[in-house]
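Structural overview for review
For reference, the chains in residue letters:
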Amino acid sequence: MKAMTEKEFFRASGRRPDEMRPVKLTAGYTSMPEGSVLIEVGHTRVLCAATVEQGVPGWMRNSGRGWVTAEYGMLPRATLTRTARESERGKVGGRTHEIQRLIGRSLRAVVDMQALGERTVILDCDVLQADGGTRTAAITGACTALAIACQRLVKAGTLKASPLRQLVAATSVGIVEGTTLLDLAYEEDSQAEVDMNLVMTEDGGLVEVQATAERQAFPRARMMEMMDYAEKGIRELLALQRAAMESAG
């Protein structure tokens, strides 16, 4: 990673450009779901719960395969000012649909649907407090909740082996005032010239790369630098996921 210089963007938190915010995963945060995790990334907090139900959507019946899907929502006071519940508006917003699809795609990429059998796993991701990176935190937390649920199914004898082939985690990276930064807080994200979310599996496979330039194009070399930063952060997240799984038994 490149060394700090006087011209580089100063992070209010004092973090290095390639440093994650403090991350904490609390397994079993709620006792009712088959798997649950509270993930805290800085001031962002997302509660992720895995529910395992018998049966699959109609278009998958008698296929012998399972299904994994996700729902995402933000509590009204997760942000500085109150945001009305989407149920009050009568429809789910486009951003919510996009994030739900992203979480679902990320998890399905690492699940053996045949091994899951005709079961549906629903991952509910509820943002309790938002300070940037809610979708990447949701992916990381949801995968951990899913892993814990799979562990319990195996322990109960419902499944012979976990259908989760490997873990997947996600983080954000951006360019602010010309400096590449890992894991953007809201104040950094809001002024970023480039914003990227990256979803990566344990074996280094890329599930999703979302990179957008806000004002002007950026060179390929910066893209590679951002990916290197993201991989460093995701490796740290994967280790925390493993620790949370172990604590859940």
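Our structure is the block above this text.
Below: a short report on this structure. The shown structure was predicted, so the numbers you read here are calculated from the model rather than taken from an experiment.

1. Re the pattern of salt bridges
- Evaluated as defined, the whole model comprises 13 salt bridges.
- Between Asp 183 and Arg 21 there is a salt bridge, with its nearest N and O atoms 2.8 Å apart. With Asp 183 in the loop between β7 (179-182) and α5 (186-189) and Arg 21 in the segment before β1 (23-27), this residue pair connects regions lying 162 residues apart in the sequence. Each member of the pair, Asp 183 as well as Arg 21, is classed as buried.
- Among the ionic pairs, Glu 40 bridges to Arg 45, the shortest N-O distance being 3.2 Å.

2. Considering the side chain of Gln 210
- Here Gln 210 lies in strand β9 (residues 206-213).
- Sequence-distant contacts of Gln 210, that is, excluding residues within four places in its chain, are made with Glu 98, Leu 102, Arg 105, Arg 135, Asp 195, Met 196 and Asn 197.

3. Some points on the nonpolar core
- Of all hydrophobic cores here, the largest spans 62 residues; its most connected members are Ile 103, Leu 107 and Leu 123.
- Sort the elements by how many residues they give to this core and helix α4 (residues 134-155) lands first, with 12 residues.

4. As for the packing of helix α2 (residues 94-108) against α4
- Taken N-terminus to C-terminus, the directions of α2 and α4 make an angle of 40°; their axes are 10 Å apart at the nearest point. Looking at the two axes, α2 sits oblique to α4. Relative to α4, the crossing made by α2 is right-handed. For the pair formed by α2 and α4, the contact residues are Arg 95, Glu 98, Ile 99, Leu 102, Ile 103, Ser 106 and Leu 107 on the first element and Thr 134, Arg 135, Ala 138, Ile 139, Ala 142, Cys 143 and Leu 146 on the second.
- Along the lines of polarity and charge, the residues of the contact of α2 with α4 split into 9 nonpolar, 2 polar and 3 charged.

5. A look at α4
- For α4, which comprises 22 residues, the first-to-last C-alpha distance of 31 Å matches the rise-based estimate of 32 Å (1.5 Å per residue) to within 8%.
- The buried count for α4 comes to 18 of 22 residues, which makes it a mostly enclosed element.
- Count one or two residues on from α4 and you reach Gly 157, which has phi positive near 85°.

Definitions and cut-offs
- Residues numbered from 1 in each chain as written.
- Predicted model: local features only at pLDDT ≥ 70, side-chain atom pairs only at ≥ 80, totals over all residues.
- Heavy atoms only, no water.
- Salt bridge = Lys/Arg side-chain N within 4 Å of Asp/Glu carboxyl O.
- Helix = DSSP H or I, 4+ residues; strand = E, 2+ residues; numbered from the N terminus.
- Buried < 20%, exposed > 50% of the residue type's maximum accessible area, 1.4 Å probe, protein only.
- Contact = heavy atoms within 4.5 Å.
- Core = buried A, V, L, I, M, F, W, Y, C linked by side-chain atoms within 4.5 Å.
- Axes fitted to C-alpha atoms, helices over the stretch in contact; angles between N-to-C directions.
- Parallel < 35°, antiparallel > 145°, perpendicular 65-115°, else oblique.
- Left-handed = near helix turned anticlockwise from the far one by under 90°.
- Nonpolar A, V, L, I, M, F, W, Y, C, P; charged D, E, K, R; others polar.
- Expected span 1.5 Å × (residues − 1).

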